[in-house]
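Reading the structure
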Amino acid sequence: MRLSETELISLLAKHDREILRYIMVFLPVRVDAEEVLQRTAVTLWQKLNEFDTTRAFLPWALHRAYYEVLNFRKEKARSKLVFSEDVIHLLASEHSEQEAYLGEMKEALQICLQKVQPADRQLLQYRYAYPQSIADLASQTGKTAKSLYRRLDRLRDLLAKCVHERLASADLG
Amino acid sequence: MGDRYDQDWFHRLSSGELSEEQFAELNQRLRASKELRKQYVHHMQLDALLATENLHPSESPESIVDLTELVDAGVKRRSNPFPYLAGLATLVVAASLIALFVDFSPKSVPSFSPVGLVGQSGIARLMDIAPGTALDETLSLDDELTPGVLHIGKGELTLVFHGGATVQLSGPAELHLLSDGEATLVHGSAQVNVPSNGSRFALNSPFSSHVEEQSIYSLTVNANESFVTLYDGALVVSQIGEQGNSYCSMVLQPMERIRASTDSLELLEPTDIELIDRIASPPMVELNVTEKYVELVKEDRPMLYWRFDGAEPDQIRNEMGDGFVGEIWPAESRDSFSFEGGRATLYESETPRTIRLRDPIPNFLNDAFSIEAWIRPGATDVQSILSFVPESADENEPGVEHFFLFEYAEESMIMHPRNSFRFLYRNPAARTNGMNLFTRGGQRPNEWHHLVATKTGDTVQLYFDGKLIAASGVKHHTSPENLLMYIGQLRYETGLRQFIGDIDEVAVYTRPLPAYRVREHYQAIQFRNDDVPSRDEVFTFLH
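Attention here is on the structure that accompanies the text. (Residues numbered from 1 in each chain as written. Chains lettered and ligands numbered in written order. Predicted model: local features only at pLDDT ≥ 70, side-chain atom pairs only at ≥ 80, totals over all residues. Heavy atoms only, no water.)

Our focus in this paragraph is the overall build of chain A. Within chain A, the secondary structure is distributed over eight helices and zero strands. Counting from the amino terminus, helix and strand elements in chain A follow one another as α-α-α-α-α-α-α-α. Taken over 173 residues, chain A has a buried fraction of 53%. Element-wise, carbon and sulfur atoms account for 50% of the exposed surface of chain A, whose accessible area totals about 8,300 Å². (Helix = DSSP H or I, 4+ residues; strand = E, 2+ residues; numbered from the N terminus. Buried < 20%, exposed > 50% of the residue type's maximum accessible area, 1.4 Å probe, protein only. Areas by Shrake-Rupley, 256 points an atom, 1.4 Å probe, with all protein chains shown as cover.)

So, about the pairing of strand 24 (residues 402-409) of chain B. Residues and elements named next belong to chain B. Along strand 24, eight of the eight residues are buried, which leaves the element largely enclosed by surrounding structure. Sheet analysis places strand 23 (residues 383-390) next to strand 24, joined by five bridges and oriented antiparallel. When the bridges of strand 24 are listed, Phe388 appears paired with Phe404. Bridge count for strand 24 against strand 25 (residues 420-430) is seven bridges, and the pairing is antiparallel. Across the sheet, residue Glu407 finds its bridge partner in strand 25, namely Arg422. (Pairing = 2+ DSSP bridges.)

The residue B:Met415 is located in the loop between strand 24 and strand 25 in this model. Here the alpha-carbon distance between B:Met415 and B:Phe438, two residues 23 residues apart in the chain, equals 9.9 Å.

If you look at the biggest cluster of nonpolar residues, it comprises 72 residues, and the most contacted ones within it are A:Ile19, A:Ile23, A:Phe26, A:Phe57, A:Phe83, A:Leu91 and B:Tyr40. Once residues within four sequence positions are removed from consideration, A:Ile19 is found in contact with A:Leu12, A:Leu37, A:Leu58, A:Ala61, A:Leu62 and A:Ala65. In terms of nonpolar packing, the next biggest core, distinct from the first, is built from 45 residues, B:Phe337, B:Ile355, B:Leu451 and B:Ala453 among them. (Core = buried A, V, L, I, M, F, W, Y, C linked by side-chain atoms within 4.5 Å. Contact = heavy atoms within 4.5 Å.)

The next point concerns empty space enclosed by the protein. Under the counting rule described, the total for this entry stands at two cavities of 30 Å³ or more. Size it by volume and the largest cavity reaches roughly 100 Å³. Of all the secondary-structure elements, those providing two or more residues to the lining of the largest cavity are helix 6 (118-129) and helix 8 (145-172) of chain A together with helix 1 (4-14) of chain B. If you tally residues by element for the lining of the largest cavity, the top one is helix 8 of chain A, at four residues. Here the lining of the largest cavity is composed, by residue class, of four nonpolar, three polar and four charged. (1 Å grid on protein atoms, 1.4 Å probe; cavity = no way out; pocket = protein on both sides within 12 Å on 5 of 7 lines; lining within 4 Å. Points joined across faces, edges and corners; volume = space filled by probe spheres on them. Nonpolar A, V, L, I, M, F, W, Y, C, P; charged D, E, K, R; others polar.)

All names here are of chain A. Counted under the stated rule, the structure contains one disulfide over all chains. Across a sulfur-sulfur distance of 2.0 Å, Cys112 and Cys162 are joined as a disulfide pair. Its S-S torsion of approximately -85° makes the covalent link between Cys112 and Cys162 left-handed. Of this pair, Cys112 sits in helix 5 (residues 99-113) while Cys162 sits in helix 8, and the two are 50 residues apart along the sequence. With a relative accessible area of 0%, Cys112 lands in the buried category. (Disulfide = S-S within 2.5 Å.)

Quick look at the structure:
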């Protein structure tokens, strides 16, 4: 049975963040990752007929996203800031092996974020939503941009440690 | 979770701070290491979760796919309120963050008033200034400050005292700089990091003094009281009486907080300690000697280039040819050295030990030359790092005749900035006189630094971390003697002034390196951060 366009939109809305996160493994620059996400969405629509509705949508979407990453990489071949094709392939394999662990990170992160002070959580939100504004924030608050980035790095490292510990203790049962 | 070095690279990748060369190296490392790929994937997943998930989990996220392209492809459009919400969210977040951080008190321009005593030298350096922190004509970034009074209104400054302590001052504040190991915060806030292997540092308030050799703490001083919170190490806090003496003292432990006033010294109840912006302990960085660095050095054709890579027992290879080989002397002191990691590490020894040229060389110090090394002292005592002495010098005579010397000391019998490197040139070789050039002070142990001493005509120059920092004229003299070179102590017989630490990439040239070339050498080196997460991190968990 063919997937309808309405169903595609619904599935994209449900999974677009996961697809974007997958793409960001290969394309750390957010703008590039979002570009590839858009291309992936178009490709998925164009290949609606090929989707087997008896199977899960997300693996199919990630598979298409992977090839869009490779296509994007070819366009940017002259840039020295894109991973080589073999490294992209290796990262994709690693991502596949870590799928279960990565899938649990979101819930663990939400729990860990609840333990962060409100001001620090807002700083994280600001950093990831509007990264170009950290310099402006530094100017406005009289802090050095360096100190704000340092604080963000420490926050991030502490969150990573918290997530890891939660997932490690979960592994022990 | 991955080691600190790799995490730092991932941070920089996410921030777009990696150069093309660094990105290529990361690409290569990812290709070669499955473990690194695993760490990378975990790191990027966390980063991506922070970037894509709403941090307030009660709200369901909107789609981030721009459906315009699907409309163009013939798919129905649905409204996406996210851009509107994003704009509103920006204002709310920015306003709340500004309210948390901004001080709305009247502005005053930071200024510095030196005390102005004869014979004073610098005791601290202005290392960092927050954007928006206005300075008047008495202050500039990288200034050396003598004892005096520092005012700051809105904004932040970071000072490094020559004794090694780092003080981040948040305005409005007034700080009295007394010496390279003491200051008084009259009012305002300061974050202090006194590193291990640094000198003792005392930051006082009008009500209390705070002294220790290794600690990280914050101090806030108001009109009638002061608060100190300790994050790492230990701190002796004393209530100060009218005469400036200690009435009573407490030893503060990490996560403890004390309130001091004219009539009390009070340990406060434990409270949630926020992750505030504190100065972290300086990371232990390792040299990453790139291929480019080695190429640059070899292009400049040194006559001697010791890299300490894969050193054979008792022999140091010269990368430029068969001559000018080094040896460990005496051979039985081999255990006082290590050559792991492609550098020479020298340990303290009760008996003399040195790395020296196996054979004397003709005196090249009469004319133009350059001597270059990467050095990391591991202690603060006076240490002779690298020296050239005449072959004919009498080993049994007290004192040492030098032509050339690199040394490091916290303090010594001669006047120089605390924790500085010394370059001595004497021609003819003697036990006195000559010309000394010093770095500016505040170079703590366990930090790598690049030193290059050159002679051009009748001028000697000292370059420090790629920059020319001192120069002086010298008299020309031609000494016919051959030279011996020693690394690690003042000659080998005495065992005095042992250099304890690391040295790498020693190069000797028979021509002066131009300034741009010294800078290129320095910039070709990369540093690796092998630091583990420091104990000064305070997590905001509520236990």
